[in-house]
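Residue-level structural notes
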Amino acid sequence: KIEPELEAEEKGAKEEPPRESDSNILDVSSDYPRDKHISIQRHLADLEKLADLREGEFTTAESQNTDFYEKKPCPLCPEEKFKACYSHKLHRHLQNLHWKVSVEFEGYRMCICHLACRPVKPNLVGDQTLSKMGAHYHCIICSATIIRRTDMIGHINRHVNKGETESRFITVRAAKPPYEMVKESATDVQVLPNHSTPQKTDSYFNPKMKLNRQLIFCALAVLAGERKPIECLDAFGATGIMGLQWAKHLRSSVKVTINDCNENSVTMIKENCHLNKMKVKLNISEEDNDETVGDGEENSDTIEVTKMDANVIMHLRSFDFIHLDPFGTSVNYLDSAFRNVRNLGIVSLTSTDISSLYAKAQHVALRHYGCNIVRTEYYKELAARTIIAAVTRAAARCNKGIEVLVTVALEHFVLVVVRVLRGPTPADDSVKKIRYLIHCQWCEERVFQKEGNMVEENPYQQLPCDCHGSMPGKTAVLLGPLWSGPLFNTGFLRRMLLEAVQYGLDEAQPLLKTLVCEAECTTLKHFSTHSPGDENKQEECGVYIKTPNTSAESYLVHGKRKSEEVLRGTAKRQRGEHSSEHPSFYYNIHRHSIKGMNMPKLNKFLTYLSEAGYRVSRTHFDPMGVRTSAPLAQFKTVLMTYSTPTYVGPQAEGPVHLPGEIQVGEEVPAAAEIKVEEAEEDESRVAATVLTLSCPSHCAAD
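What counts, and where the lines are drawn
- Residues numbered from 1 in each chain as written.
- Predicted model: local features only at pLDDT ≥ 70, side-chain atom pairs only at ≥ 80, totals over all residues.
- Heavy atoms only, no water.
- Salt bridge = Lys/Arg side-chain N within 4 Å of Asp/Glu carboxyl O.
- Helix = DSSP H or I, 4+ residues; strand = E, 2+ residues; numbered from the N terminus.
- Buried < 20%, exposed > 50% of the residue type's maximum accessible area, 1.4 Å probe, protein only.
- Pairing = 2+ DSSP bridges.
- Axes fitted to C-alpha atoms, helices over the stretch in contact; angles between N-to-C directions.
- Parallel < 35°, antiparallel > 145°, perpendicular 65-115°, else oblique.
- Contact = heavy atoms within 4.5 Å.
- Nonpolar A, V, L, I, M, F, W, Y, C, P; charged D, E, K, R; others polar.
- Left-handed = near helix turned anticlockwise from the far one by under 90°.
- Right-handed = clockwise from strand over helix to strand, strands pointing away.
- UniProt positions renumbered as here; feature names shortened; annotations may be inferred.
- Core = buried A, V, L, I, M, F, W, Y, C linked by side-chain atoms within 4.5 Å.
- Phe/Tyr/Trp six-rings, centres within 6.5 Å; stacked < 30°, edge-to-face > 60°.
- Lys NZ or Arg CZ within 6 Å of the ring centre and 35° of its normal.

**Here's the deal with the pattern of salt bridges**
Taken as a whole and judged by the stated rule, the model has 17 salt bridges. With a closest N to O distance of 2.7 Å, Glu184 and Arg213 form a salt bridge. Note that Glu184 is positioned in strand β8 (residues 180-184) and Arg213 in helix α8 (residues 210-226), a separation of 29 residues in sequence. By the burial criterion, Glu184 is buried, and Arg213 matches it. A salt bridge links Arg591 to Glu444, with the nearest nitrogen and oxygen atoms 3.4 Å apart. Within this pair, whereas Arg591 is found in the loop between β24 (587-588) and β25 (597-598), its partner Glu444 is found in the loop between β19 (434-440) and β20 (446-448), the two being separated by 147 residues in sequence. Bridged by salt links that share partners, the residues Arg227, Glu231, Asp320 and Arg342 form one connected network.

**Things to note about the pairing of strand β17 (residues 400-409)**
Burial runs high along β17: ten of the ten residues are buried. Alignment of β17 against strand β18 (residues 414-422), held across nine bridges, turns out to be antiparallel. The partner of Lys400 across the bridge, within β18, is Arg422. Connecting β17 to the antiparallel partner β18 that follows it, the hairpin turn spans four residues.

**Some words on the packing of α8 against helix α18 (residues 490-502)**
The interhelical angle for the contact between α8 and α18, taken along N-to-C directions, is 105°, at an axis separation of 9 Å. The angle between the axes of α8 and α18 places the two elements in the roughly perpendicular class. Note on element contacts: α18 touches α8 through Phe492, Arg495, Met496, Glu499 and Ala500, opposite Leu215, Cys218, Ala219, Ala221, Val222 and Glu226. Of the residues assigned to the contact of α8 with α18, the class counts are eight nonpolar, no polar and three charged.

**As for the packing of helix α21 (residues 602-611) against helix α22 (residues 632-641)**
Axis separation between α21 and α22 bottoms out at 10 Å; the angle between their running directions is 120°. Considering their axes alone, α21 and α22 lie oblique with respect to each other. In terms of crossing hand, the pair formed by α21 and α22 is right-handed. Packed against α21, whose contacting residues are Phe605, Tyr608 and Leu609, the element α22 presents Phe635, Val638 and Leu639 at the interface.

**Quick notes on the pairing of strand β16 (residues 346-351)**
Counting buried positions along β16 gives six out of six residues, so the element sits mostly inside the fold. Side-chain alternation along β16 places Ile346, Ser348 and Thr350 on one buried face and Val347, Leu349 and Ser351 on a second face that is also buried. Here four bridges tie strand β15 (residues 321-324) to β16, and the two strands are oriented parallel to one another. Note that in β16 the partner of His323 across the bridge is Ser348. Handedness of the crossover is the feature at issue here: the chain leaves β15, passes through helix α12 (residues 334-340), returns alongside β16, and the resulting connection is right-handed. Of the strand pairs in this sheet, β16 and β18 are connected by six bridges, and their pairing is antiparallel. Paired with Leu349 across the two strands is Val416, which belongs to β18.

**Section: the sheet that holds strand β2 (residues 103-105)**
Strand order in the open sheet formed by three strands is β1-β3-β2, and the pairing between neighbours is antiparallel. Lying at the two open borders of the sheet, with one neighbouring strand each, are β1 (40-41) and β2.

**Some remarks on the UniProt feature "domain: C2H2-type" (unreviewed entry) in the protein chain**
Following the UniProt record, the feature "domain: C2H2-type" (unreviewed entry) maps to residues 139-159 here. Regarding residues 139-159, the helix share stands at 52% and the strand share at 10%, and the terminal C-alpha atoms are separated by 10 Å.

**What to know about the sheet that holds β20**
Backbone hydrogen bonds are what pair the strands of a sheet, in a parallel or an antiparallel way. Taken in spatial order, the three strands of this open sheet run β20-β19-β21, and their pairing is antiparallel. Two strands lie at the open edges of the sheet, namely β20 and β21 (476-483), each paired on one side alone. If you compare each strand with its neighbour and ignore which way they point, the axes differ by 25° on average. Relative to β21, β19 runs antiparallel, the two being bridged by six bridges. Each bridged residue has a counterpart across the sheet, and for Ile434 the counterpart in β21 is Trp483. Against the sheet, helix α15 (residues 379-397) contacts β19, β20 and β21, and its axis sits at roughly 50° relative to β21.

**Some thoughts on the nonpolar core**
Counting residues in each nonpolar core, the largest one holds 109 residues, and the members touching the most others are Phe338 and Met496. If one sorts the elements of this core by residue count, α8 sits on top with eleven residues. Here Met496 is in contact with Leu215, Cys218, Ala219, Val222, Val406 and Leu512, once residues within four sequence places are set aside. Ile589, Leu602, Leu606 and Val616 belong to the second largest nonpolar core, which has 22 residues in total.

**Comments concerning the packing of aromatic side chains**
Scanning the model with the defined rule gives ten aromatic pairs in all. Relative to Phe585, the ring of Tyr378 lies with its centre 4.6 Å away and its plane at 55°, an arrangement referred to as tilted. Of this pair, Tyr378 sits in the loop between α14 (362-369) and α15 while Phe585 sits in the loop between α20 (564-577) and β24, placing them 207 residues apart in sequence. Neither residue differs from the other here; Tyr378 and Phe585 are each classed as buried. Ring plane angle 35° and centroid distance 5.2 Å describe the contact between Tyr587 and Phe635, whose orientation is recorded as tilted. Linking Tyr587 in strand β24 with Phe635 in helix α22, this pair joins segments that are 48 residues apart in sequence. Take Tyr587: its relative accessible area is 7%, and that puts it in the buried class. Classification of Phe635 by relative accessible area gives buried; the value is 0%. Each residue in the set Tyr378, Phe448 and Phe585 is aromatic and connected to the rest through ring pairs, giving one cluster. One cation-aromatic arrangement involves Arg42 over Tyr108; the distance from NZ or CZ to the ring centre is 4.0 Å. Just above the ring of Tyr379 sits the side chain of Arg375; from NZ or CZ to the centre is 3.8 Å.

Here it is as structure tokens:
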């Protein structure tokens, strides 16, 4: 009797059209995405109806038992955890174990799931293997699996705070993943909606790094002007926006290779190349199974996309320009970068491990860079010199030296661009510029340790300050090893500024102007785009460049080592150019201000230091920093000389009296005379005010 009834019910189910609630369960409705997990439902009844769908999973032997059809399994628990039971018991199980502990979001309930969705390591007990089923939640937005309910609620709240909803992330099955269009520097790229979280996405894209990308583009444009075509590598492509900008603007001057080890990122890079009407030359593996999309000929619109580890591709091939931008530190890729980079090529690296470089995690900096650093007022420049020291050591291991071209340290990243000089002699010269730094913890005066291997009896004598003699205990700390050479190349920065103006990179132009002034150690009002000696200059920091009067071919030998005579001439010219050393580090005007005194304006203070006979400029490392050749004592002297007292009463009147140990007259006599005249005028005004208050009637008559 039961079998004919079941057959009649099956025939009626076939003829009966699907109801709305059933369509929601089967994920076929238009308003319910198909790729949601079965643990995400709107109503408890939907979970119960899902149990009916699992009846067909049992064997024929079980189906022969007539009582089995009255029992239903749990759709969210495996058979080992919860066996099939009657409807009333299943309803109580679903309500208490799954529904009550669910997380609600926009009308949907994310119930707890006990299926084998999340991999759990098995526990070995003797000869038996016990597999533990881990309970977890499935995120409705990004399909992540999270164990704890509180963590799931916080995970959903972070999506909401970022403006990420299910409509942006979940689409119908078999459709392409949802993309967002981003346009930067006339280049369109597709990015995933969660592109700003590197741990959750394969194609990380940070809009805040736009300035960094513009600076790297300017550096590559300058190199392309020296010799062409050049082979350049973006070792960590992600979305491929940087390599696309190179190929789209520089055209036939560059041969761009974009690499990434993630398959999803490589797919997105290919789609972005087609979006910008670029042809793709694929080289997925290390073998010779290349696939070319479009014409077989190489042209200016062809970009090579590779799927390799960054160390592997830099070991296998040679490049003229290499850019490293990993997530975190880049020290793991320096040896490979300098192994096959061509002579006079450029290596640029962006480091985003700010916590270790800015001395918030000093043990990490010691582990990654082998450098001891502390938090100082010049911590950003300290981070840049730490990276350059690691770069110098990596280049020296490959018998190569470096010339630092650009150094930028901002809030989110530290960018270093160096030129590679092949040969043991440049390598030895570069390594000699790595020294230790003696830093006074009281007044924050600093000085690089002298060259030589002999141990000094009293290293405190190298510091210009006298804190060790006046303060108890040890007052200085040894930092490093650090790069002690210059951080900028003036000629290269000027050409970068010209490229930024030519390509309309408005965000990079103010920073490049500041860098040029900082490299020349001059103020902005003395800045000029064309220096008188640039037109006929044929050599720049040990590197021959193309000039209007000479051809580059007569000085550049592509891919070959320079002759010994040319290197000797280069070294002589370098000594003449660097006769006046660039001031190391900078001072913060607020850090050294005098209590109870009003400081002068920063631009006026720069003028006062320049009139005192010192080289001075502002710095991009610190908006209130001053880079000057003056020692700290004279810096404080000029600052106190031109600071005005904060008047709080008659006792504060009169001229400013400096301490006895500070001699202002020797360095700034004109400033002292001006200060005395101002003090006399203030005394006359105060005397007139006192007279007015004491004799109001006579003053009124007068």
